[in-house]
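One-letter residues, chain by chain:
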Amino acid sequence: MSNSEKKKCVLLVDDNMDLLVTTQEVLEDPEFNYKVIILSDSTKIREVLEENQDRIDVVVTDLQMPMKSGEEVLDEVSDFDVNLPVIVFTGEGNKQKNHLIAAGAKGFVDKADSVHLALPNAIEIAMSSKRKVKGRGRKFIYRDEKMKQVLDMVTKLAAVPSPVLIEGEPGTGKELIAYKVHNQRLKHLRRAGDQVSEKMHPYVAVNCGALSKTLLESQLFGHKKGAFTGSVADQDGVFVAAKRGTLFLDEITELDLDLQVKLLRALQEREVTPVGATKAIPVHARVVTATNRPIQQLVNEGKFRADLYYRINVVSLKVPPLRDRIGDIQPMAEAFLRDFAEEYNCEPRKLTEPARVALESYQWPGNVRELHNCIERSFALGGNASEIRVEDFPPEISLRFTSDHSSDDSELLSSFQEATQRTTEALVEGRSLTATASHFKTYDELVAEHIREALERSRGVKSRAATMLSIDRNRLYRLIEKYQIST
Amino acid sequence: MSLDNISAEENQDPDGQIGTLDSYRLLFQVIPQLIHQLKNHLTVVQNAHFSMKKALEMGQHDRLERSSELGILGVQRAEMVIKTISLLESMDTQSILSHYQKRYSNSEVEIEYPHQSPIIDRFLAPLVCSLEYLRPRMIKGSLIIISVNESRIVIEQHGEGEVVAPPELNDLMSKFYRFIPADKGWGIENCGE
């Protein structure tokens, strides 16, 4: 390996300090040239993974450790990043090898083997298995308590294969959550000693909004040869294909009312009848559904069957929009920057402080997907610069954040964001910040109050107030006029 | 020999306590743990050997010195583990506890235990199991006091750090003994008492 190449980074976990230090020395020898981070207290695995986000290429762990076992470390790593390979390095012989490989370990090295002969080989094999998965396999990046609560709930859901309904705006990562529900279930089954395989427990996803009614029916339940024009052979539907795994039905509210009846029957009876068939087939997959529409309202309006809603909504997960978890924006943006640097083989870039503030003050209607695209765009247009600046962002973000922002403005903006969040929460919960029993503020009153506060904080500078409100200046003028706000 | 047969031999002991053969077998339940430790120390020795070789090739004197020190330490620790195994075979309670005292003091943890107590002999296997379990969990400067309280043994942990909860006994050991959690450690009792 030449010196210019980035060293592969190994996180080595063992409770024996001498073993850690000497193994580190072997692996960092120019013959192997790894960068090795050592950890003797396995309870701190999560902290170390978070501190070294994306730097670690492989984790090598002992099994028998006093505070947190290697098996727990394996679980923790897989929770953190399902694509980060783990090698078990143990003196306990091969007795647990099959079990650990089934649990996701990518390698197994006995301490009786010479480290310098066995470990680098296992590391290279494990790293070659590391796939850069985009989409469903991506790791979660979050600091916000709301997101943590959602993921805690996902962990709890592993024990029972109840149907799950995931609600959230577009781009909030509903499919990531669905995949996590699937993964946690498999982990639970493995721990319980069940034989789990990709073949018997697949993850199958269907977007109910992407297909016509006929095609969707056939895709969901399958069809017999000759059931309709072009059906030249029997075809299993996704209910059958998902076997004992997870069937994810995205955009469930787009389902036609007729198909809703059939889906309800499939969920209730645990069997499906393919199009053109007379005999039902039993099905076993867990069903996870998702929607970005207000499903309860659709039920009230008669556009979504209430009985189906209650059937799919045994457990409900509400994914918060990105604007409600501002604390997640910076770590996400930085993780995307690292991903792009790796993908395009460039030096990593950093966000300037104004760029960070600009990202955190934007409303992100497209949520994480929009943030991802914004970072990719700025990365692509930023040339060879080492920093990502506000000017690199799309106009809807950069134009709202003028270059004359001083540090005072950033402070102002941050305090204003808090106020915005408070107000939004109040609106969502249907209460006023100052609501009393005698007076419940109307929407118009709240908006007017909000604008007045923005003007006050911007000391009457309308362009600045407009930026704070994430609206353009003309709209602010119209609102000032509408609410007759004196300026 | 099945577990039932092992239990049956208990009756052959005149005072109704665990027979010598059973104690011997129970003591050997600790052997896999000791082999695990031995492998760790041998890995350190192998690693040190690799680094010494490289250091010699590259003329790195500091690295050579550091690696040889770690290698020697690894050999010494491996020797201690091997000695533990051979002492377990002797079943000499006082020698075994004295050896553990030395091993613990290498980690800056002290052990106090009663000398020449016939009761302690009857608890040798769970005592060794407890000491093996505690060793990596104790922080420097701690003190472990082993005492006899009527017909049971009590292991107390003193010093900074949280009191470690007792380990789970394996199937064979739990046929004969039980661990009773206490404020500062745990008591060990015969199952029949």
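Before reading on, note that the structure itself is shown above.
All figures in this text were calculated on a predicted structure; none of them were measured in a lab.

(A) Spotlight on the overall build of chain B. Helices and strands together make up the secondary structure of chain B, namely 8 helices and 5 strands. When its helices and strands are written in sequence order, chain B yields α-α-α-α-α-β-α-α-β-β-α-β-β. Within chain B, the proportion of its 193 residues that are buried is 31%. Intrachain contacts of chain B at a sequence separation of at least 6 include 57% that bridge at least 24 residues.

(B) Quick peek at the pairing of strand β1 (residues 9–13) of chain A. Residues and elements named next belong to chain A. Counting buried residues in β1 gives 4 out of 5 residues, a clear majority hidden from the surface. In this fold, β1 hands off to helix α1 (residues 17–28), which returns the chain to strand β2 (residues 35–39); that crossover is right-handed. Sheet topology note: the β1/strand β3 (residues 58–61) ladder contains 4 bridges and is parallel. The residue bridging Val10 from the neighbouring strand is Val58, located in β3.

(C) Inspection of unusual backbone geometry at higher detail. Despite not being glycine, Asn33 of chain A shows a phi value in the positive range, around 60 degrees. Residue class for Asn33 of chain A comes out partly exposed when judged on the 15 C-beta atoms lying within 10 Å of it.

(D) Layout of the nonpolar core. Counting 40 residues, the largest nonpolar core has Ile166, Ile177, Ala178, Phe239 and Leu247 of chain A as its most contacted members. Here the element with the most residues in this core is helix α7 (residues 174–191) of chain A; it accounts for 4 residues. Counting residues in hydrophobic clusters, the runner-up holds 39 residues, among them Leu39 and Val73 of chain A together with Phe50 and Leu70 of chain B.

(E) Structural view of the sheet that holds strand β10 (residues 246–250) of chain A. Residue and element names in this part refer to chain A. Pairing is parallel in the open sheet, where 5 strands are placed in the order β7-β10-β13-β6-β14. This sheet does not close on itself; its edge strands, each paired only once, are β7 (203–207) and β14 (315–318). Across this sheet, the average inter-strand angle for adjacent strands is 20 degrees, counted without regard to direction. Of the strand pairs in this sheet, strand β6 (residues 164–167) and β14 are connected by 4 bridges, and their pairing is parallel.

The rules we used
Residues numbered from 1 in each chain as written. Chains lettered and ligands numbered in written order. Predicted model: local features only at pLDDT ≥ 70, side-chain atom pairs only at ≥ 80, totals over all residues. Helix = DSSP H or I, 4+ residues; strand = E, 2+ residues; numbered from the N terminus. Buried ≥ 20, exposed ≤ 12 C-beta atoms within 10 Å, placed from the backbone. Contact = placed C-beta atoms within 7 Å. Right-handed = clockwise from strand over helix to strand, strands pointing away. Pairing = 2+ DSSP bridges. Core = buried A, V, L, I, M, F, W, Y, C linked by C-beta atoms within 7 Å. Axes fitted to C-alpha atoms, helices over the stretch in contact; angles between N-to-C directions.

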